[in-house]
Amino acid sequence: MRMTRTDWILLPFLVGVLAGVVVGVFLLAGFLGLGVLGLIVGVMAQRIEMEKDGAVGHSQATSLYAQQIKAQESMTRAERAERKAENEALLKVLFIAKVVSAGLIILGFGFFVLFQLD
């Protein structure tokens, strides 16, 4: 996944918004808030990764998984290749989200224990 010219133009705005959110959460809830924000981002990224091949079924909808498998088996080679490329791109973005999540968790809970639990 290469960054396009538009991505490079929008990157400073994204970093600025992310920094603003982190500072806002820190001012609102301190280091503990940063840790909780990291947990929320991590859970969301993990949930999206689990559901990348289709919705996770429910006990009342047992046929959902079978329907998804049938739909995947009836795909052409081009559709399978497209789906694989989409999944690979999604996994790269989710990896970045997980790294950011881990950093927020370590920073937030680590500094909370270090500085606020005296």
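Residues numbered from 1 in each chain as written. Predicted model: local features only at pLDDT ≥ 70, side-chain atom pairs only at ≥ 80, totals over all residues. Heavy atoms only, no water.

**Re the layout of surface pockets**
Formally: Cavities and pockets are defined on a 1 Å grid built over the protein atoms alone: a cavity is a set of grid points where a 1.4 Å probe fits but cannot escape, while a pocket is an open set with protein on both sides within 12 Å along at least five of seven lines, and lining residues are those with an atom within 4 Å of any such point. Grid points are joined across faces, edges and corners, and a volume is the space filled by probe spheres set on the points. Secondary structure follows DSSP: runs of H or I at least 4 residues long count as helices, runs of E at least 2 residues long count as strands, and numbering of each begins at the N terminus. Polar here means any residue outside two lists: the nonpolar Ala, Val, Leu, Ile, Met, Phe, Trp, Tyr, Cys and Pro, and the charged Asp, Glu, Lys and Arg; Gly therefore counts as polar.
Roughly 650 Å³ of internal volume is contained in the largest pocket. What lines the largest pocket is a set of 20 residues, and nearest its centre among them are Leu 14, Val 93, Ile 96, Ala 97 and Val 100. For the lining of the largest pocket, the secondary-structure elements that each account for two or more residues are α1 (5-50) and α3 (77-116). Of all the elements, α1 adds the most residues to the lining of the largest pocket, at eleven residues. Residue composition of the lining of the largest pocket, by class: 18 nonpolar, no polar and two charged.

**Side note on the environment of Val 21**
Basically, it comes down to this: Three labels apply to residues, based on accessible area from a 1.4 Å probe with only protein chains included: buried if under 20% of the type maximum, exposed if over 50%, partly exposed otherwise in between.
Note on placement: Val 21 falls in helix α1. On the accessibility criterion, Val 21 (41% relative accessible area) is partly exposed. Note: C-alpha distance between Val 21 and Leu 37 (16 residues apart in sequence) is 9.7 Å.

**Some details on α3**
Under the convention used in this document: An expected span of 1.5 Å times one less than the residue number is assigned to each helix. Working rule for contacts: check all heavy atoms of both residues, and any pair within 4.5 Å makes them a contact.
The first and last C-alpha atoms of α3 sit 56 Å apart over 40 residues, in line with the 58 Å expected at 1.5 Å per residue. Every buried residue of α3 is listed here: Asn 87, Leu 94, Ser 101, Leu 104 and Gly 108. The secondary structure elements touched by the buried residues of α3 are α1.

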